[in-house]
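The chain contents come next:
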Amino acid sequence: MIHTLDLQFLDSTSTIAAFLVEAGDEYILVETGPHSTLPQLKKAMVQYGIELTDIKHVFLTHIHFDHAGAAWALAKHGATIHVHPQGKRHLQDPTRLYESARRIYQDKMEYLWGKMEGIAEEQLHICAHKEIIEVNGLKIKALHTPGHAVHHIAWRIGDAIMTGDVAGVRIKDELVVPPCPPPDIHVADWRRSLDILRAENADVFYLTHFGKVESTVQHLVDLERLLLDWANWIKPHAEADRPVQEVIPEFTAYVQGQLKTAGITDAADLERYEKANPSWMSVAGLMRYWKKIGLQQ
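Given the structure is predicted, the values throughout are model-derived calculations rather than measurements.

Colleague: How should the overall build of the protein be read in this particular structure?
Modeller: When helices and strands are counted, the protein shows 11 helices and 14 strands. Over its C-alpha atoms, taken along the principal directions, the protein stretches across nearly 55 × 40 × 40 Å. For the protein, buried positions account for 56% of its 297 residues. A separation of at least 24 residues holds for 67% of the contacts in the protein among residues at least 6 apart in sequence.

Here is the structure:
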């Protein structure tokens, strides 16, 4: 049984999720959300009669703050943290990761994401591609799925896959959009990762942003179409070497137009999409992709 926990990021529902998974008479956690939402995580777990100390295994899809920012707090309570090989060093010593983000978010850093502390090496388990981890009889399969981040893992549990960000952002079963923040966006790798998900032929996806998706085949078709659409929209601006700040308002308007065309007109829902997947991040990520990778090929 998989339970979706709404972490109510910035007081918004259906924006960031963590997933509580029953493993026999135990529970595991997939994603932790940011440290700023730890109180909401604790509150959501209470309804199942458990506390942070009851979680012995945490599976992270990747180390971005909205997915892994509270992992250290679970580790403090004794949990083993399962992570991609390229994510380990940043969880052991998050100083560089945190300070890099602080330069972007400045005085809003702690308000948005909370704190981040290091995790002892012995509590970090590096997971190989297609490795099977068994917890109390429950088998969890690691799928290395780069494209959104080089340190991305999707986790297969039974007929479901916890997709992190590789299967996009989809609020209230509406339009699926690709989160493309710097520095790791790689369109070709992402498309190959979508093929990995297709090959799994899973019945259900669980998106961190946000929730359960049952039309998995069409979902991936729609996501790939929009990933290419966004990348191709950004490409001429990268070729012209336009400043990112100049492109952001134009791209934001473009994305808002796509959302509204898809029938997403409620202001609160538009805000949820922007909180889960800020447009400025995708401009920065895709501009970097084209300049550093795409235009060199």
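Colleague: Just checking my understanding: could you explain the packing of aromatic side chains for this structure?
Modeller: For any pair of aromatic rings, the description rests on two quantities: the centre-to-centre distance and the angle between the ring planes. Taken as a whole and assessed by the stated rule, the structure comprises 12 aromatic pairs. With centroids separated by 5.6 Å and ring planes inclined at 70°, the aromatic side chains of F19 and Y206 adopt a geometry described as edge-to-face. One end of the pair, F19, is in strand β2 (residues 17–23); the other, Y206, is in strand β13 (residues 204–207), with 187 residues separating them in the sequence. Comparing F19 with Y206 shows no difference in burial state: the two are buried. Through successive ring pairs, a cluster of aromatic residues spans F9, F65, Y98, Y105, W113 and W280.

Colleague: Would you take a moment to explain the sheet that holds strand β3 (residues 26–30) for this structure?
Modeller: In spatial order, the strands read β1-β2-β3-β4-β5-β6; together these six strands make up an open sheet with mixed pairing. A strand with exactly one partner marks an edge of an open sheet, and here the two such strands are β1 (2–6) and β6 (124–126). Along the sheet, successive strands turn relative to each other by an average axial angle of 25°, direction set aside.

Colleague: I'm lost on helix α11 (residues 279–292) in this one. Help?
Modeller: Helix length check: α11, at 14 residues, gives a terminal C-alpha distance of 20 Å against a target of 20 Å (1.5 Å per residue), a fit within 8%. Taken as a whole, α11 has its buried residues at S279, M281, S282, V283, A284, G285, L286, M287, Y289 and W290. For α11, the elements touching its buried residues are α5 (95–105), α7 (187–200), α8 (216–239), α9 (244–261) and α10 (267–276).

Colleague: Any chance you could explain the environment of P236 here in plain terms?
Modeller: By the element assignment, P236 lies in helix α8. Given a relative accessible area of 43%, P236 falls into the partly exposed group. In this structure, the C-alpha to C-alpha distance between P236 and R288, residues 52 residues apart in sequence, is 13 Å.

What counts, and where the lines are drawn
- Residues numbered from 1 in each chain as written.
- Predicted model: local features only at pLDDT ≥ 70, side-chain atom pairs only at ≥ 80, totals over all residues.
- Heavy atoms only, no water.
- Helix = DSSP H or I, 4+ residues; strand = E, 2+ residues; numbered from the N terminus.
- Buried < 20%, exposed > 50% of the residue type's maximum accessible area, 1.4 Å probe, protein only.
- Contact = heavy atoms within 4.5 Å.
- Phe/Tyr/Trp six-rings, centres within 6.5 Å; stacked < 30°, edge-to-face > 60°.
- Pairing = 2+ DSSP bridges.
- Axes fitted to C-alpha atoms, helices over the stretch in contact; angles between N-to-C directions.
- Expected span 1.5 Å × (residues − 1).

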